[in-house]
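What follows is the residue order along each chain.
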Amino acid sequence: AQSVSQHNHHVILSEAASLELGCNYSYGGTVNLFWYVQYPGQHLQLLLKYFSGDPLVKGIKGFEAEFIKSKFSFNLRKPSVQWSDTAEYFCAVISPDKRRYQKVTFGTGTKLQVIP
Amino acid sequence: SQTIHQWPATLVQPVGSPLSLECTVEGTSNPNLYWYRQAAGRGLQLLFYSVGIGQISSEVPQNLSASRPQDRQFILSSKKLLLSDSGFYLCAWSSWGASPLHFGNGTRLTVT
């Protein structure tokens, strides 16, 4: 079964620091990859996604993620974080096939706290 | 555009009481629908998913059940709540296949 690891459970950064959140998955075949963000008191929303093509994916609010197939990784990055980036971030993976229902496997999440 | 509504936002219920959480989706037809539970430090646990009216699949055995009486309506229920049912419940929808999930605002359930 697919599994997703987010090794950093809680990250604290100062504003303007660079961010990299790790995400590793277990399945070696074709994958679709996602990062979701949950701001305090808000619903989970899609930050970015990778289906195919350029392994460097750009999302909203200056976030990007790089798919490295050889490392089974999809790390999230941002060059300079802001206080408003304080949130919980979830990595998710789908191992796609032709069925209508595709199971999404989520990581346990990383809480990011940005200090002004 | 598509929207998802989930209610109530918060709920406090005594042990042994019934539960009904409702979720509706607008602006799309025949979506896949999901119920997740989010626990601190444990990520999102898929409870139920549905690919069509009356079609419910359960991911984990538990005290909860789900129903889909209409195409865009998904209900999470329990006949008798347990303390361990406390948590944050999220409804979500997706298109067919490997599509992103779209989440509702969630329901914070406290069983006392």
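Scroll up to find the structure.
On a predicted model such as this, the values are computed, not experimentally measured, just so you know.

Student: So what's going on with the overall build of chain B? Which residues, and what values?
Tutor: Along the backbone of chain B there are zero helices and 11 strands. In sequence order, the secondary structure elements of chain B are arranged as β-β-β-β-β-β-β-β-β-β-β. Here the C-alpha atoms of chain B give a radius of gyration of 13 Å, agreeing with the 13 Å that 2.2 N^0.38 yields for 112 residues. Across its three principal directions, the C-alpha atoms of chain B cover 40 × 30 × 25 Å. Considering chain B as a whole, with its 112 residues, one finds that 52% of them fall into the buried category. A total accessible area of about 5,100 Å² is found for chain B, and carbon and sulfur atoms account for 52% of it. Treating the 7 positive side-chain charges of chain B as one cloud and the 5 negative ones as another, the clouds have centres 8 Å apart.

Student: So, the sheet that holds strand S8 (residues 73–78) of chain B: which residues are in play, and what are the values?
Tutor: Whenever strands of a sheet pair, they do so through backbone hydrogen bonds, lying parallel or antiparallel. Residue and element names in this part refer to chain B. Across the sheet, which stays open at both edges, the four strands sit in the order S1-S3-S8-S7 with antiparallel pairing between neighbours. Of all strands in the sheet, those with a lone pairing partner are strand S1 (3–7) and strand S7 (65–70), marking the two edges. Strand-to-strand twist across the sheet, computed as the mean angle between neighbouring axes with direction ignored, equals 20°. Pairing of S1 with strand S3 (residues 19–26), which is carried by five bridges, proceeds in the antiparallel orientation. Within the sheet, the bridge partner assigned to Thr-3 lies in S3 and is Glu-26.

Student: Would you mind going over the interface of chain B and chain A in detail, with residue names and values included?
Tutor: Facing the 25 residues of chain B at the interface are 22 residues of chain A. Between chain B and chain A, the buried area comes to about 1,900 Å², and carbon and sulfur atoms account for 60% of it. Among the residues of chain B in contact with chain A, Ala98(B), Pro100(B) and Phe103(B) are the three that bury the most area, contributing 28% of the side total. The interface formed by chain B and chain A contains one salt bridge. A salt bridge links Glu59(B) to Lys103(A); the shortest N-O distance between them is 3.1 Å. Contributions of two or more residues to the side of chain B that touches chain A are made by strand S4 (32–39), strand S5 (43–52) and strand S9 (87–94) of chain B.

Student: Give a description of the state of the cysteines that names residues and reports values.
Tutor: Residue and element names in this part refer to chain A. A complete count under the given rule lists two disulfides over all chains for this structure. Covalently, Cys-23 is tied to Cys-91 through a disulfide, its sulfur atoms 1.9 Å apart. Its S-S torsion of about -65° marks the bond between Cys-23 and Cys-91 as left-handed, since a negative value means left-handed. A residue pair is termed long-range when its members are at least 10 positions apart, and Cys-23 in the loop between strand S3 (19–21) and strand S4 (24–25) and Cys-91 in strand S10 (residues 87–94) qualify at 68 residues. Across this residue pair, the class does not change: Cys-23 and Cys-91 are buried.

Student: Account for the packing of aromatic side chains, naming residues and giving values.
Tutor: Residues and elements named next belong to chain A. In this structure the tally under the stated criterion is 14 aromatic pairs over all chains. Each ring, one from Tyr-50 and one from Phe-67, has its centre 4.7 Å from the other, and the planes form 35°; the classification is tilted. Taken together, the positions of Tyr-50 in strand S6 (residues 45–50) and Phe-67 in strand S8 (residues 64–68) put the pair 17 residues apart, joining distant regions of the chain. Owing to a relative accessible area of 13%, Phe-67 belongs among the buried residues under this scheme. Taken together, a centroid distance of 5.6 Å and an interplanar angle of 45° make the contact between Phe-63 and Tyr-89 tilted.

Student: How would you summarise the pattern of salt bridges if you had to cite specific residues and measurements?
Tutor: Residue and element names in this part refer to chain A. Here the structure, examined in full by the defined rule, presents six salt bridges over all chains. Among the salt bridges present, the one from Asp-85 reaches Lys-78, with a minimum N-O distance of 2.9 Å. Comparing Asp-85 with Lys-78 shows no difference in burial state: the two are buried. By sharing partners, the salt bridges in this structure join Lys-58, Glu-64, Glu-66 and Arg-77 into a single network.

About the thresholds
- Residues numbered from 1 in each chain as written.
- Chains lettered and ligands numbered in written order.
- Predicted model: local features only at pLDDT ≥ 70, side-chain atom pairs only at ≥ 80, totals over all residues.
- Heavy atoms only, no water.
- Helix = DSSP H or I, 4+ residues; strand = E, 2+ residues; numbered from the N terminus.
- Rg over C-alpha atoms; globule rule 2.2 N^0.38 Å.
- Buried < 20%, exposed > 50% of the residue type's maximum accessible area, 1.4 Å probe, protein only.
- Areas by Shrake-Rupley, 256 points an atom, 1.4 Å probe, with all protein chains shown as cover.
- Lys, Arg positive; Asp, Glu negative; His and termini not counted.
- Charge placed at Lys NZ, Arg CZ, Asp CG, Glu CD.
- Pairing = 2+ DSSP bridges.
- Axes fitted to C-alpha atoms, helices over the stretch in contact; angles between N-to-C directions.
- Contact = heavy atoms within 4.5 Å.
- Buried area = accessible area lost by both parts, 1.4 Å probe.
- Salt bridge = Lys/Arg side-chain N within 4 Å of Asp/Glu carboxyl O.
- Disulfide = S-S within 2.5 Å.
- Phe/Tyr/Trp six-rings, centres within 6.5 Å; stacked < 30°, edge-to-face > 60°.

Function-wise, these values are silent; they only describe arrangement.
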